[in-house]
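# Working through the structure, step by step
Below are the chains, spelled out letter by letter.
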Amino acid sequence: MTAAIKNAGVSNTIVRVNVNKNGQAKIIGKITKNAKNPLVEVNFADNKLTNAHGSYTKYQGILFNRCKICQM
């Protein structure tokens, strides 16, 4: 879906964040200053969300409070 958005000209930047089962995130790509509607695609290796209160909140904090791409 992100590729379709980029191909349509709506965005020119896609950054992918792959989160493994241990909660470690690997960032692929970079958001530049001239990015037009940048997309951040988050892929979870374990996307079952068995612990809704702990797991999601933990990952959300990692991605939005600590990621260099989010601190522009």
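Everything in this summary refers to the structure shown in the same document. Here the structure is a predicted model, which is why all the values come from computation and not from measurement.

### Some details on the environment of D46
Mapping D46 onto the fold places it in the loop between β3 (39-44) and α2 (55-66). Separated by 24 residues in the primary sequence, D46 and N22 place their C-alpha atoms 9.1 Å from one another.

### Some details on the pairing of strand β2 (residues 25-28)
In terms of strand pairing, strand β1 (residues 14-19) meets β2 through 4 bridges, oriented antiparallel. Its bridge partner being in β2, V17 is matched across the sheet by I27.

### Details of the side chain of S11
Among the structural elements, S11 can be located in the loop between α1 (2-7) and β1. A polar atom in the side chain of S11 sits 2.6 Å from the backbone oxygen of N37. When sequence neighbours within four positions are dropped, the list of residues in contact with S11 reads I5, K6, K36, N37, P38 and L39.

### Focus: unusual backbone geometry
At N37, a residue that is not glycine, the phi angle is positive and equals roughly 50 degrees. With a relative accessible area of 48%, N37 lands in the partly exposed category.

Analysis parameters
- The residue numbers shown here count from 1 along each chain, following its written sequence.
- This being a predicted model, a pLDDT of at least 70 is required before a residue's local features are given, and a value of 80 or more before pairs of side-chain atoms are given or counted; all residues contribute to the totals for chains, interfaces and linings.
- Side-chain figures throughout are based on the complete set of non-hydrogen atoms in the structure, without hydrogens or water.
- The way it works is that DSSP assigns letters per residue, a run of H or I at least four long becomes a helix, a run of E at least two long becomes a strand, and they are numbered from the N terminus.
- When DSSP locates at least two bridges between a pair of strands, those strands are taken to pair.
- In protein, a polar contact means a hydrogen-donor-capable atom and an acceptor-capable atom, both N or O and within 3.5 Å, with residues adjacent in sequence counting only if both atoms are side-chain atoms; elsewhere, any N or O pair within 3.5 Å suffices.
- By the convention used here, residues are in contact when the closest approach between their heavy atoms is within 4.5 Å.
- Relative accessibility thresholds used throughout: buried, under 20% of the residue-type maximum; exposed, over 50%; partly exposed, between the two (1.4 Å probe, protein chains only).

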